[in-house]
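Close look at the chain arrangement
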Amino acid sequence: LFTVAGLIGAILWNLLTWLFGLPSSSSHALLGGLVGSAWVAAEAGAIHFDTLVSKVVIPAVLSPVVAGVVALTGTYLAYRLTRRARKEQARRGFKTGQVLSASMVSLAHGTDDAQKTMGVITLTLITAGILPSTASPPLWVILSAGLAIALGTAVGGWRIIRTLGKRVTDIQTTQGFAAETSSAAVILVSSHLGFPLSTTQVCSGAVFGAGAGRRLAHVHWGVAGQMAIAWTVTMPAAAVVGGLAALVALTGTLGIVMVIVAAAALASGIYLLSRRQPVDARNVNELPTPARPVPAAA
Amino acid sequence: MTIDWTAFGQVFVVSFGSAVTVIVLFATGVALVAADTAATAGHGSRLARTGTPTAHQAVRSPAGSSSGCASRDPSRSSRGCC
């Protein structure tokens with residue numbers, strides 16, 4: 001039950017940050033939600049705070065920095081090497097390269113985030129007694145996790161794409177290639193070594209690095225501040241929502257129904273709010289312009 | 001609390017090395033492919049300035065800067081080659 005409550009905390013926080021176009025970490029939201037609900041269900045002693053800091057908090061701080069440094073170096077070198085080349089020709093070359101580098105990011109995303117989703121579903125099945133405690137994730141769980149991530153990326157990613165592609169810095173194909181290659185490398189190496197990094201934070205760090213690699217002034221560091229706040233608040237906020245959901249759900253069947261209905265209502269509300277200013281393929285490159293001051297009457 | 005700094009260092013070094021290697025190799029490839037066209041365009045541009053368009057120039061860059069410059073059309077000066 002506490003796993004479901006934790007999931008609800010993570011889903012609601014993710015939807016809220018998505019509404020504002022902020023790329024917050026779904027991994028940290030998931031962990032926060034689980035921590036909050038486990039705290040309520042089994043007291044604070046059930047949480048291994050040492051492990052949380054060493055395996056989650058410190059990598060969360062370091063991973064965007066690592067990705068940023070790698071992307072900055074890669075972008076600088078890519079521009080340096082192609083400075084004598086014709087711009088249009090180089091643009092087309094890196095655009096082709098982006099197909100490969102973006103595919104690598106997708107693969108890396110699957111090695112990292114899809115594993116967490118599969119882990120949570122398998123954990124729920126084990127705690128419900130449907131699977132034995134030593135079971136591996138069933139095939140349908142693997143397929144569902146992959147399909148859900150693919151669908152979410154295809155349908156709902158436009159707000160985050162606008163933030164990372166236009167609001168942070170105006171990404172050119174050279175920078176996109178460098179950022180994607182750096183992100184894929186960092187995530188794949190981390191997954192191989194068993195570090196559960198946030199792909200969101202790695203990709204965001206790489207985009208900032210790629211922006212700074214072209215020209216420092218092109219990066220809107222104010223957006224970085226907004227993201228940093230969202231990242232800092234993600235775990236505690238998801239923990240609070242997950243804890244509240246667990247608190248209500250533990251009261252009985254009525255509590256469980258109330259939690260599910262409230263979560264569905266809030267999720268629908270956030271979706272309806274997003275439809276007021278929809279972002280899709282047609283307007284993803286258009287930034288909302290600030291309102292012009294009305295000239296004073298003569 | 002134990003933090004495995006060696007593993008962090010490993011992540012940084014391996015990902016830095018692999019990503020930068022891939023980017024440098026790909027950018028070098030792009031530079032090599034684009035250099036041929038750049039050299040042709042530069043050659044055409046030089047020929048255009050001397051006012052002696054050639055068949056080679058006409059064939060290699062029918063819509064490029066060289067043909068425009070070769071015509072000495074002042075309206076084409078916005079292309080930055082005349």
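All figures in this text were calculated on a predicted structure; none of them were measured in a lab.

Taken as a class, soluble globular proteins show a tendency for nonpolar side chains to be buried jointly. Residues and elements named next belong to chain A. Judged by nonpolar contacts, the single largest core of 20 residues is most densely connected at Ala67, Val186, Phe195, Leu197, Val202 and Ala206. When sequence neighbours within four positions are dropped, the list of residues in contact with valine 202 reads Ser63, Ala67, Ser183, Val186, Ile187 and Leu197. Core analysis: the second largest hydrophobic core is formed by 12 residues, Leu22, Leu164, Val219 and Ala224 among them.

Moving on, we come to the side chain of serine 24 of chain A. Residues and elements named next belong to chain A. Examined against the element boundaries, serine 24 turns out to sit in the loop between helix H1 (2–19) and helix H2 (26–42). For serine 24, the side chain forms a polar contact with the side chain of threonine 17, separated by 2.9 Å. In this view, serine 24 contacts Trp13, Asn14, Thr17, Thr200, Trp231 and Thr234; residues no more than four positions away in its chain are not counted.

Before going further, it helps to examine a nonpolar patch on the surface. Residues and elements named next belong to chain A. A contiguous nonpolar patch, built from Val240, Leu244, Leu247, Val248, Leu254 and Met258 and spanning about 580 Å² of accessible area, is present on the exposed surface. No other element matches the four residues that helix H9 (residues 221–249) contributes to the nonpolar patch. By the secondary structure assignment, methionine 258 is in helix H10 (residues 253–276).

So, on to the packing of helix H7 (residues 173–193) of chain A against helix H8 (residues 199–214) of chain A. Relative orientation and spacing of two packed helices are given, respectively, by the angle between their axes and the distance between those axes. Residues and elements named next belong to chain A. Look at H7 against H8: their axes get within 8 Å of each other, and the N-to-C directions meet at 145 degrees. H8 is crossed by H7, and the crossing has right-handed handedness. Here Gln175, Ala179, Ser183, Val186 and Ile187 of H7 lie close against H8, whose contacting residues are Thr199, Val202, Cys203, Ala206, Val207, Ala210, Gly211 and Arg214. Class assignment for the residues of the contact of H7 with H8 results in eight nonpolar, four polar and one charged.

Below, the discussion takes up the pattern of salt bridges. Residues and elements named next belong to chain A. Applying the stated criterion across every chain, the model contains four salt bridges over all chains. Here lysine 116 ties to aspartate 112 by a salt bridge, and the two come within 2.8 Å at their closest N and O atoms. Remark: aspartate 112 and lysine 116 occur in helix H4 (residues 87–127); sequence separation between them is four residues, near one turn of the helix. For aspartate 112, a relative accessible area of 5% puts it in the buried group. Salt-bridge contacts for aspartate 113 lead to lysine 116; the nearest nitrogen and oxygen are separated by 3.4 Å. One end of the pair, aspartate 113, and the other, lysine 116, are both in helix H4, three residues apart, so they sit about a helical turn from each other.

Between chain B and chain A, the residue contacts involve 28 residues of the former and 33 residues of the latter. Between chain B and chain A the total buried area reaches about 2,500 Å² when both faces are included, carbon and sulfur atoms providing 87% of it. Inspection of the region where chain B meets chain A yields zero salt bridges. On inspection of chain B and its partner chain A, the count reaches zero residue pairs in polar contact (both at pLDDT 80 or more). For the side of chain B that touches chain A, a count of residues per class yields 22 nonpolar, six polar and no charged.

Residue and element names in this part refer to chain A. Counted at 1.5 Å a residue, the expected span for H1 with its 18 residues is 26 Å, and the 26 Å between its end C-alpha atoms agrees. Among all positions in H1, only Thr3, Ala5, Gly6, Ile8, Gly9, Ala10, Leu12, Trp13, Thr17, Trp18 and Leu19 are buried. Against the buried residues of H1 lie H2, H4, helix H5 (139–156), helix H6 (158–167), H9 and H10. Where H1 terminates, the next one or two residues include glycine 21, which has phi positive at roughly 70 degrees.

Definitions and cut-offs
Residues numbered from 1 in each chain as written. Chains lettered and ligands numbered in written order. Predicted model: local features only at pLDDT ≥ 70, side-chain atom pairs only at ≥ 80, totals over all residues. Heavy atoms only, no water. Core = buried A, V, L, I, M, F, W, Y, C linked by side-chain atoms within 4.5 Å. Buried < 20%, exposed > 50% of the residue type's maximum accessible area, 1.4 Å probe, protein only. Contact = heavy atoms within 4.5 Å. Helix = DSSP H or I, 4+ residues; strand = E, 2+ residues; numbered from the N terminus. Polar contact = N/O pair within 3.5 Å; in protein donor to acceptor, adjacent residues only side chain to side chain. Patch = residues over 30% accessible without salt bridge, like charges linked within 9 Å, V, L, I, M, F, W, Y side chains within 5 Å. Areas by Shrake-Rupley, 256 points an atom, 1.4 Å probe, with all protein chains shown as cover. Salt bridge = Lys/Arg side-chain N within 4 Å of Asp/Glu carboxyl O. Axes fitted to C-alpha atoms, helices over the stretch in contact; angles between N-to-C directions. Left-handed = near helix turned anticlockwise from the far one by under 90°. Nonpolar A, V, L, I, M, F, W, Y, C, P; charged D, E, K, R; others polar. Buried area = accessible area lost by both parts, 1.4 Å probe. Expected span 1.5 Å × (residues − 1).

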